[in-house]
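# Breakdown of the fold
Residues per chain are reported as follows:
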Amino acid sequence: MIDWVRSRWLARRWTIWVPLAILLLALLLTPPGLLDKAHLVGYGVCHQIPERSFQPGGVPLPLCARCSGTFLGGLLGLALVGLLGRWRAAVMPPPRVLVLLVVFVLFMGVDGANSYISFFPGLPHLYAPNDALRVISGALCGLAMALLLQPVVAMVAWREPQPRQAVPDLQTLAGFVAAELALAYLLHAEWAWSLYPLALLSAAGVLAMLTAINTALVIIVARRENSVASWRQMWPYVLWGGAASVAQLAAVGLARTLLSRWLGVPI
């Protein structure tokens, strides 16, 4: 009863209107077009080099190939956990699954480093970088990030977290990986009809991943760990997490713009 009253207080007082105002201002002060808004979100996390971005219908996506895979892959991973009804699963994956998730992250790290080195003529690199490897490594890393982040949020937020794993075995992980590879194929195909869905979902992926992290941080700062009993009680914290994410993206975007002007080169 006490927790319910506190939740109602949180929902009715100024604390709920501040993040709503931040999110509303973000909608009003950003460019009016949906693609322009998506590109502005992408600007906060990605270099957006057109030559390294997929271009459905000849229009670059808001994120480069690797970042598109990473954030769409993370969003897909979280969505699959939700479809399985395992949002409250608060136990880390078993060791065999964890090892593969670490391999996915290392795969993106190696491919990213190799791709970056190729920017400099004359420096040796392991292989010729390409968008297929960029998007696959990104998607698998995004999946790993989602599957490692989800149980942490569950442990922090829920009053009664479930003592089980969202991905309990290699068979379940294989299904997740198959979905990620299908996503990578869709990105690589560059079908014109996929422009708006992929652009908007990639921006949503950025916001979803950042909001998940920031929501957990908000709960910790508010000293409300393990106090959330339902999604009705969760949404005020999610609003604060979303507002913090928007503020972070705006700060990074502003910093990039100022540094680009100061140095005279794109950052």
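No experiment lies behind these values; they were computed from the predicted model shown.

### Topic: the overall build of the protein chain
The helix and strand tally for the protein chain stands at nine helices and two strands. Across the protein chain, helices and strands are ordered from the amino to the carboxyl terminus as α-α-α-α-β-α-α-β-α-α-α. What you see for the protein chain is a C-alpha radius of gyration of 20 Å, in line with the 18 Å of a compact globule of 267 residues. For the protein chain, the proportion of its 267 residues judged to be buried stands at 41%.

### A word on helix α7 (residues 170-189)
Helix length check: α7, at 20 residues, gives a terminal C-alpha distance of 28 Å against a target of 28 Å (1.5 Å per residue), a fit within 8%. When we look at burial in α7, the residues that qualify are Thr172, Leu173, Phe176, Val177, Glu180, Leu183, Ala184 and Leu187. For α7, the angular spread of the buried residues around the axis is 135°, confining them to a single face. Every exposed residue of α7 that faces more than 90 degrees away from the buried side is listed here: Gln171 and Tyr185. In the core, the buried residues of α7 are packed alongside α4 (65-83), α5 (95-117), α6 (131-157) and α8 (195-221). Regarding α7, its N-cap is aspartate 169, as a side-chain oxygen of that residue lies 3.3 Å from the backbone nitrogen of glutamine 171 further along. Phi turns positive one or two residues past the end of α7, at glutamate 190, with a value near 55°.

### Structural notes on the packing of helix α3 (residues 34-43) against α8
In the contact formed by α3 and α8, the axes pass within 9 Å of each other and the chain directions differ by 40°. α3 and α8 meet at a crossing whose hand is left-handed. Every residue of α8 that contacts α3 at Leu34, Leu35, Ala38 and Val41 is listed here: Leu195, Tyr196, Ala199, Leu200, Ala203, Val206 and Leu207. For the contact of α3 with α8, the residue count by class is eleven nonpolar, no polar and no charged.

### Focus on the packing of α6 against α8
For the pair α6 and α8, interaxial distance at closest approach is 10 Å and the crossing angle is 25°. Here α6 lies roughly parallel to α8, going by the angle between them. In terms of crossing hand, the pair formed by α6 and α8 is left-handed. Where α6 approaches α8, its residues Gly142, Met145, Ala146, Leu149, Val153, Val156 and Ala157 are matched on the opposing element by Met209, Ala212, Ile213, Ala216, Ile219 and Ile220.

### Some details on a nonpolar patch on the surface
On the surface, a nonpolar cluster with roughly 560 Å² of combined accessible area is contributed by Leu24, Leu25, Leu27, Leu28 and Leu29. Classification of leucine 28 by relative accessible area gives exposed; the value is 60%.

### What to know about the pattern of salt bridges
Proximity of charged atoms lets side chains of opposite charge pair with each other. Counted under the stated rule, the structure contains two salt bridges. Measuring nitrogen to oxygen at the nearest pair gives 2.7 Å for the salt bridge that ties arginine 66 to aspartate 111. Within this pair, whereas arginine 66 is found in helix α4, its partner aspartate 111 is found in helix α5, the two being separated by 45 residues in sequence. For arginine 66, a relative accessible area of 12% gives the class buried. In this structure aspartate 111 comes out as buried when scored by relative accessible area, which is 1%. When the shortest N-O distance is used, the salt bridge between aspartate 131 and arginine 134 registers 2.7 Å. Of this pair, aspartate 131 and arginine 134 both sit in helix α6, three residues apart, which is roughly one turn of the helix. Note on arginine 134: relative accessible area 7%, which makes it buried.

### A closer look at the environment of leucine 147
Along the chain, leucine 147 turns up in helix α6. Linking leucine 147 and alanine 26, residues 121 residues apart in sequence, is a C-alpha distance of 29 Å. Non-local contacts of leucine 147, meaning those with residues more than four positions away in its chain, are made with Val81, Pro93, Leu101, Val167, Leu173 and Phe176.

### Focus on the packing of aromatic side chains
All chains considered together, the criterion is met by four aromatic pairs. For the ring pair tryptophan 158 and tryptophan 231, a centre distance of 5.1 Å and an interplane angle of 80° mean the geometry is edge-to-face. One end of the pair, tryptophan 158, is in the loop between α6 and β2 (162-165); the other, tryptophan 231, is in helix α9 (residues 231-263), and 73 residues separate them in sequence. What makes tryptophan 231 partly exposed here is its relative accessible area of 47%. For the ring pair tryptophan 191 and tryptophan 193, a centre distance of 6.0 Å and an interplane angle of 15° mean the geometry is stacked.

Here is what the cut-offs are and how they apply
Residues numbered from 1 in each chain as written. Predicted model: local features only at pLDDT ≥ 70, side-chain atom pairs only at ≥ 80, totals over all residues. Heavy atoms only, no water. Helix = DSSP H or I, 4+ residues; strand = E, 2+ residues; numbered from the N terminus. Rg over C-alpha atoms; globule rule 2.2 N^0.38 Å. Buried < 20%, exposed > 50% of the residue type's maximum accessible area, 1.4 Å probe, protein only. Expected span 1.5 Å × (residues − 1). Arc of directions from axis to C-beta. Contact = heavy atoms within 4.5 Å. Polar contact = N/O pair within 3.5 Å; in protein donor to acceptor, adjacent residues only side chain to side chain. Axes fitted to C-alpha atoms, helices over the stretch in contact; angles between N-to-C directions. Left-handed = near helix turned anticlockwise from the far one by under 90°. Nonpolar A, V, L, I, M, F, W, Y, C, P; charged D, E, K, R; others polar. Parallel < 35°, antiparallel > 145°, perpendicular 65-115°, else oblique. Patch = residues over 30% accessible without salt bridge, like charges linked within 9 Å, V, L, I, M, F, W, Y side chains within 5 Å. Areas by Shrake-Rupley, 256 points an atom, 1.4 Å probe, with all protein chains shown as cover. Salt bridge = Lys/Arg side-chain N within 4 Å of Asp/Glu carboxyl O. Phe/Tyr/Trp six-rings, centres within 6.5 Å; stacked < 30°, edge-to-face > 60°.

As far as function goes, none of this settles anything; it's purely spatial.
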